[in-house]
Amino acid sequence: MFADVDQRVGLAGEPGRGVPAEGLTQVLVIDDDKKLCALIRDYLTPLGYAVEMAHTGPEGVVRALERPWHAVILDLMLPGCDGYEVLKQVRAKSLVPILMLTARGDEADRIVGLEMGADDYLPKTFSSRELLARLRAVTRRVALAQAGAPVEKPVRELVGGPVRLNLDARVASLEDQPLVLTPVEFDILAALMKSKGRIRSREALIESLRDREYEVFDRSVDVHIAALRRKLGDDAHEPRFIRTVRSAGYMFIASV
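Calculation notes
Residues numbered from 1 in each chain as written. Predicted model: local features only at pLDDT ≥ 70, side-chain atom pairs only at ≥ 80, totals over all residues. Heavy atoms only, no water. Helix = DSSP H or I, 4+ residues; strand = E, 2+ residues; numbered from the N terminus. Buried < 20%, exposed > 50% of the residue type's maximum accessible area, 1.4 Å probe, protein only. Contact = heavy atoms within 4.5 Å. Areas by Shrake-Rupley, 256 points an atom, 1.4 Å probe, with all protein chains shown as cover. Pairing = 2+ DSSP bridges. Axes fitted to C-alpha atoms, helices over the stretch in contact; angles between N-to-C directions. Core = buried A, V, L, I, M, F, W, Y, C linked by side-chain atoms within 4.5 Å. UniProt positions renumbered as here; feature names shortened; annotations may be inferred. Polar contact = N/O pair within 3.5 Å; in protein donor to acceptor, adjacent residues only side chain to side chain. Salt bridge = Lys/Arg side-chain N within 4 Å of Asp/Glu carboxyl O.

- Looking at an unreviewed UniProt entry, one finds the protein named Response regulator receiver domain-containing protein and attributed to Prosthecobacter debontii.

So, in structure tokens, the structure goes:
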């Protein structure tokens, strides 16, 4: 539940599934806690968000895939099927930014969710300001990609051996085949490739993910690196692309 929102806010009637309101940020909340869903909606609506809800795992999958969303807020514990299964099914067909909610905030829950393709997580004691900051961070990336705006200039394409990143279109390829990356994975790989041959610390990589609020002890960068290696077919012990430098960070090593 919100840590800083008046708990007396009551449940409002849920809106229908009408045509998305033009100009509003579209957010889907998948959670069986209807009171929490209503609190999130009541907080975000005046800030320019259109919030809709699903309260079971199967319904959440259908709703998440029925139209483009700017972000999905996904609870881990759901009736019908859990949040991991919802994440798996949605991620197989969509790269929509997904914020996972965990009741306890256990590291194991966070790591599993991130490994399966979640972009970020929040413990269920999150503050309204933290929720807003993280939503703004992920939706800003979507807006940039949809507008075709480059994340950084003057570099428009990065090449490292068989790996190519088009920064304007946010498209990745390996051996001329599409490489499906989450937004966070794309940004981490881009940061490493821009510093090819130089070590990037975890802290530097976190800084490159502008506007994301990682906790100091959060090792989610390591999880995303592991996911990148799997997708690149890379071996941490005999790397072709990403080398781990013990106690220092990571380095992209593939030559042009």
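## Thoughts on the overall build of the protein
- Helix and strand counts for the protein stand at eight helices and eleven strands.
- Looking at the protein as a whole, 50% of its 256 residues are labelled buried.
- Nonlocal contacts in the protein, meaning residues at least 24 apart in sequence, comprise 64% of its contacts between residues at least 6 apart.
- On the protein, roughly 12,200 Å² of surface is accessible, and the fraction owed to carbon and sulfur atoms is 53%.

## Re the sheet that holds strand β1 (residues 25-30)
- Sheet architecture is open: five strands sit in the order β2-β1-β3-β4-β5, paired in parallel fashion. The open sheet terminates on both sides in strands that have one partner only, identified here as β2 (49-54) and β5 (120-123). On average, adjacent strands in this sheet sit at an angle of 20° to one another, irrespective of strand direction.
- Bridging between β1 and β2 involves six bridges; their strand directions are parallel. By the bridge assignment, V29 is partnered in β2 with M53.
- Strands β1, β3 (71-75) and β4 (98-102) of the sheet are contacted by helix α3 (residues 83-91), whose axis makes an angle of about 170° with β4.

## Considering the nonpolar core
- Ranked by internal contacts, the top residues of the largest apolar core, which has 28 residues, are V163, L165, L189, L192, F241, I242 and F252.
- At the level of secondary structure, the elements contributing two or more residues to this core comprise β7 (163-166), β8 (171-174), α6 (183-194), α7 (202-208), α8 (220-232) and β11 (249-252).
- Setting aside its immediate chain neighbours within four residues, V163 contacts L158, S173, L174, L189, M193, L232, F241 and F252.
- L28, L74, A118 and Y121 belong to the second largest nonpolar core, which has 20 residues in total.

## Focus: the UniProt feature "modified residue: 4-aspartylphosphate" (unreviewed entry) in the protein
- In this structure's numbering, the residues bearing the UniProt feature "modified residue: 4-aspartylphosphate" (unreviewed entry) are D75.
- Inspection of the secondary structure puts D75 in strand β3.
- In contact with D75, not counting residues within four places along its chain, are I30, D31, D32, G83, L101 and K124.

## A closer look at the side chain of D75
- For D75, a relative accessible area of 3% gives the class buried.
- A polar atom in the side chain of D75 sits 3.3 Å from the side chain of K124.

## Let's talk about the pattern of salt bridges
- Taken as a whole and assessed by the stated rule, the structure comprises 14 salt bridges.
- Ionic pairing is found between E52 and R67, a salt bridge with its closest N-O pair at 2.8 Å. Of this pair, E52 sits in strand β2 while R67 sits in the loop between α2 (57-66) and β3, and the two are 15 residues apart along the sequence. Of the two residues, E52 and R67, neither departs from the other in class, the shared state being buried.
- R91 serves as the salt-bridge partner of D119, at 3.1 Å between the closest nitrogen and oxygen. Note that D119 is positioned in the loop between α4 (107-115) and β5 and R91 in helix α3, a separation of 28 residues in sequence. For the pair D119 and R91, one class covers both residues: buried.
- When salt bridges with common partners are traced through the structure, they connect E52, R63, E66 and R67 into a single cluster.

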